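The chain contents come next:
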Amino acid sequence: MKPSQYNVHNLLGLALVTTALIGICQLPTQAQIQSKDGKPVSSSSKQPAPAPKGLAKPEVDPERDRDAEPDDFYKIISLPVPEDVILEVGGMATLPDGNLAVCTRRGEVWIVSNPYISGSARPTYKRFAQGLHEPLGLAYKDGDIYVTQRSEVTRLRDTDQDGRADSYDKVYSWPLSGNYHEYSYGPTFLPNGNMLVTLNVGWSNSLGHGVSLVPWRGWTLELMPDGKMKPFAAGMRSPAGYVMNEAGDFFYSENQGDWVGSGRISQVERGDFMGNAESLRWTGLADSPLTIKPGDVPNTGEPLYDVAKKFKDLKAPAVWLPHGILGISTSGMIPDNTKGGFGPFAGQLFVGDQGQSILSRVDLEKVKGEYQGVVFPFREGFSSGVFRLVWGHDASMFVGMTSRGWSSTGKELFSLQRVVWTGKMPFEMKTIHAMPDGFEIEFTTPVDAELAADPASYKVTGFNYKYHATYGSPVINRGGCPIKGVVVSKDGLKARLVVDSLRLGYIHEITAAGIRSENGRTLLHNVGYYTLNNIPDGEKLAVASLAPAPMHDHSMMASTSTAPPAVTKSTGKKAPATKSATAKPTGKTAGSSAAKRVTEMPASWGGDADYTINMGTKPGLKFAPEQFQVKAGSKVRVVFNNEDDMLHNFVVVTPGSAIQVGELAMKLGLEGQEKNYIPQTDKVLHHTNLLQPNTNESIYFIAPAKPGEYTYECSVPGHFYVMQGIMKVVP
């Protein structure tokens, strides 16, 4: 938008305009489920799809004084699953008749009829195929179902139309070493009929990092219908999510690990190298579009964007998802092609996270020919680990879930749920665009212009992650970006921020905690994370420089804050600011006195501990052992061995406080990993640091004098809900 289209608002001269959008669509009542031997589903059904729901007529909101909840706008409806069906979802597709095809990690494919639970009809589950090897992707094309097993893409065909697959035909296969971490995903169909699949690297417990033990592990492969294959791109670690956007460009989602500081989403083009060096073992094979080798990849710990400017073969991601804030294990993606049927986010991407059981929302834009964009929180509270997403014919979203192996915030082993837009407009930051001199925030409904024009209503912080062979990364190079001025559009739907100290390749946390809608509502989510790969050309705003905004207090994460700047009812102006009671960092682990992490045996112990506990880990976010017993006041040595393929710590907390401590660790936000996810609280008694895979640390402490059951946990976001054990203290 040109500068002339904006109006700079006087901070003392505007009154509130009270309007709201409401229109609640009636949701169907859940029906009981029939036997799985119900009527077969025909993939050639010509059942018409219901028209997408639109916005209801605007009217005054009778609940204007009540803070909005996510459920007011997007309801989560659980589909009942028969007790004898273990629906650990690996892939999903919507069939032409509106039914769902679902493949499971147990090697089955199910057809779910009437998943909308509409009217008096009941959902039915019928097994279409079985005996597959952990399929983690499914697609439908021209009457056939395609699944990606660990070692091949298989076409399933129902030749006699009895609702069961008669033909299991190999499209293409690739080698397996037998490593448990060799997952395979896809397929994604290209416009020319070819398919793309993405392959995990393996994992070595002895080495503590990923390994590509057989050809093409860590690659994207292009498969042809005639059974031929061409290597497409390399450098993937755990490419669980994949999608084509409306422009026909292919993207994949990546999980934190070695060479991956945090979750991210990247465009993939032929010949790209996405960053994981292990995959480059196979560049010497026929048809490889790359020639670089593992030893060519710089391992300096600089930000990936900076390395990519010097090492031209490396490709920077389009969007970073901050680890522990917007997930810990990025999964499936889906573009919003509902044309408004799912709300105001048409054209954006929805992204799942298996570990934290959440959905995030991503809006991409191209600047100087390269993708970049912003990610926002969207919806939490799913019952298992979010893995696959598909649209129903009524513009609702089906969410397929699993938690086996990597436990999730949602406690169920598996689940199938449906997200339905109620028709009511949420007050959100719809998107954020990069501008020549900062950012432009677009809102879903008009804002209070006085508050929106105040720079103090916003905060901007830049940060990054290390690109190195080590597992994950703490946040690095974090710094505030002063806001020089704000210009609000005449319609109240946009606020353009003039921002200093922006850095290319950095993630910029943009919070708008002080913003209110015209009728006084707070934003449903007040934070977005913009990855700035390029700054667009164009005219900069001529806004008089204001006093620089204060630097961020990073002791609490903005997106989890429950106390944005207060607004008085009488005037709508912010209440006077109060000083933060949060202690400033001291250089020691936050919330931990020296006595809480003692890594050398105290001299007073005389060279011996009363108890030595060898603590390990097991798959599925578990400690081994899950319980041990010591006497009150005894001398205890715990040797914590992280034998898992992800970061863990060992934290002893007061009885009944494990979840509270974990939630406090989440609120550390951008500082979480550098502070070892140890929050400042007396409920933490003893702890190790955050350990890399295949490393260990010993700590020494005196057992509590009061007998009882003391929980030990891993306080990493998402882990603490399930990764717990009991230290029983006896008299």
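The structure presented is a predicted model; accordingly, all values stated were derived computationally and were not measured.

**Q** What exactly am I supposed to notice about the pattern of salt bridges here?
**A** For side chains bearing opposite charge, pairing can occur when the charged atoms are close. Under the defined criterion, the tally for this structure stands at 24 salt bridges. Residues Glu88 and Arg106 are paired through a salt bridge, measuring 3.1 Å at the closest nitrogen-oxygen approach. Within this pair, whereas Glu88 is found in the loop between strand S2 (74-78) and strand S3 (89-94), its partner Arg106 is found in the loop between strand S4 (100-104) and strand S5 (109-113), the two being separated by 18 residues in sequence. Relative accessible area serves as the criterion here: at 0%, Glu88 is assigned to the buried category. For Arg105, the salt bridge goes to Glu134, with nearest N and O atoms at 3.1 Å. Separated by 29 residues along the polypeptide, Arg105 in the loop between S4 and S5 and Glu134 in the loop between strand S6 (124-129) and strand S7 (138-141) bring together distant segments of the chain. The pair formed by Arg105 and Glu134 is uniform in burial state, with each residue classed as buried. Connected through salt bridges with shared partners, the residues Arg478, Glu671, Glu674 and Lys675 form a single ionic network.

**Q** When you look at the pairing of strand S11 (residues 184-189) in this model, what are you seeing that I'm missing?
**A** Looking along a regular strand, one sees the side chains alternate between the two faces of the sheet. Among the six residues that make up S11, five are buried, leaving the element largely enclosed by the rest of the structure. Bridge count between S11 and strand S12 (residues 195-199): four bridges; the pairing is antiparallel. The residue bridging Tyr185 from the neighbouring strand is Thr198, located in S12. Remark: five residues form the turn of the hairpin made by S11 and S12, two consecutive strands paired antiparallel; Gly193 in that turn has positive phi of roughly 90°.

**Q** Help me understand the environment of Val487, please; the structure alone is not making it clear to me.
**A** Examined against the element boundaries, Val487 turns out to sit in strand S32 (residues 483-489). Val487 gets classed as buried once you look at its relative accessible area, which sits at 3%. Sequence separation between Val487 and Leu541 is 54 residues; the distance between their C-alpha atoms is 8.7 Å.

**Q** Sorry, what's going on with the sheet that holds strand S10 (residues 167-173) here?
**A** Backbone hydrogen bonds are what pair the strands of a sheet, in a parallel or an antiparallel way. If you trace the four strands from one edge of the open sheet to the other, you get S7-S8-S9-S10, paired in antiparallel fashion. Each edge of the open sheet is held by one strand with a lone partner, namely S7 and S10. The sheet shows a mean angle of 25° between the axes of neighbouring strands, taken without regard to direction.

**Q** What exactly am I supposed to notice about the packing of aromatic side chains here?
**A** Pairs of aromatic rings are described using the distance from one ring centre to the other and the angle between the two planes. Per the stated rule, a full pass over the model turns up 28 aromatic pairs. Where Trp203 meets Tyr471, the ring centres are 6.1 Å apart and the plane angle is 85°; that geometry is what we call edge-to-face. Placement of Trp203 in strand S13 (residues 202-204) and of Tyr471 in the loop between strand S30 (459-465) and strand S31 (475-480) is noted, with a sequence separation of 268 residues between them. The pair formed by Trp203 and Tyr471 is uniform in burial state, with each residue classed as buried. Here Phe342 and Trp391 contribute two aromatic rings whose centre-to-centre distance is 4.9 Å and whose plane-to-plane angle is 70°, an arrangement assigned as edge-to-face.

**Q** Just to check I follow, could you spell out the nonpolar core for this structure?
**A** One recurring pattern in soluble globular proteins: nonpolar side chains tend to sit buried together. The biggest cluster of nonpolar side chains holds 51 residues, and the ones touching the most others in it are Leu221, Leu223, Phe273 and Tyr529. Non-local contacts of Phe273, meaning those with residues more than four positions away in its chain, are made with Ala234, Gly235, Ser279, Leu280, Leu290, Ile292, Val297, Phe311, Asp313, Leu314, Lys315 and Tyr467. Ranked by size, the runner-up nonpolar core spans 29 residues in total, among them Phe623, Val630, Leu691 and Met723.

**Q** What exactly am I supposed to notice about the side chain of Lys315 here?
**A** Structurally, the position occupied by Lys315 is in the loop between helix H1 (304-310) and strand S20 (319-321). Within the structure, the side chain of Lys315 is placed 3.3 Å from the backbone oxygen of Gln267, a separation counted as a polar contact. Side chain to side chain, Lys315 and Glu269 meet in a polar contact 2.9 Å long.

**Q** Looking at this structure, how should I read unusual backbone geometry?
**A** Phi is mostly negative for residues that are not glycine, and the peptide bonds are mostly trans. Geometrically, the link from Gly186 to Pro187 is a cis peptide bond, its omega value of 0° lying close to zero. Inspection of the secondary structure assignment puts Pro187 in strand S11. With an omega of 5°, the peptide bond running from Ala624 to Pro625 counts as cis. Its place among the elements puts Pro625 in the loop between strand S37 (622-624) and strand S38 (627-631). The phi dihedral of Lys339 is positive, around 55°, even though this residue is not glycine. Exposure remark for Lys339: the relative accessible area of 80% places this residue in the exposed category. Of note in this structure, Asn477 is not a glycine but carries a positive phi near 55°.

Rules used in this analysis
- Residues numbered from 1 in each chain as written.
- Predicted model: local features only at pLDDT ≥ 70, side-chain atom pairs only at ≥ 80, totals over all residues.
- Heavy atoms only, no water.
- Salt bridge = Lys/Arg side-chain N within 4 Å of Asp/Glu carboxyl O.
- Helix = DSSP H or I, 4+ residues; strand = E, 2+ residues; numbered from the N terminus.
- Buried < 20%, exposed > 50% of the residue type's maximum accessible area, 1.4 Å probe, protein only.
- Pairing = 2+ DSSP bridges.
- Axes fitted to C-alpha atoms, helices over the stretch in contact; angles between N-to-C directions.
- Phe/Tyr/Trp six-rings, centres within 6.5 Å; stacked < 30°, edge-to-face > 60°.
- Core = buried A, V, L, I, M, F, W, Y, C linked by side-chain atoms within 4.5 Å.
- Contact = heavy atoms within 4.5 Å.
- Polar contact = N/O pair within 3.5 Å; in protein donor to acceptor, adjacent residues only side chain to side chain.

Limitation: the analysis is restricted to geometry and does not speak to function.
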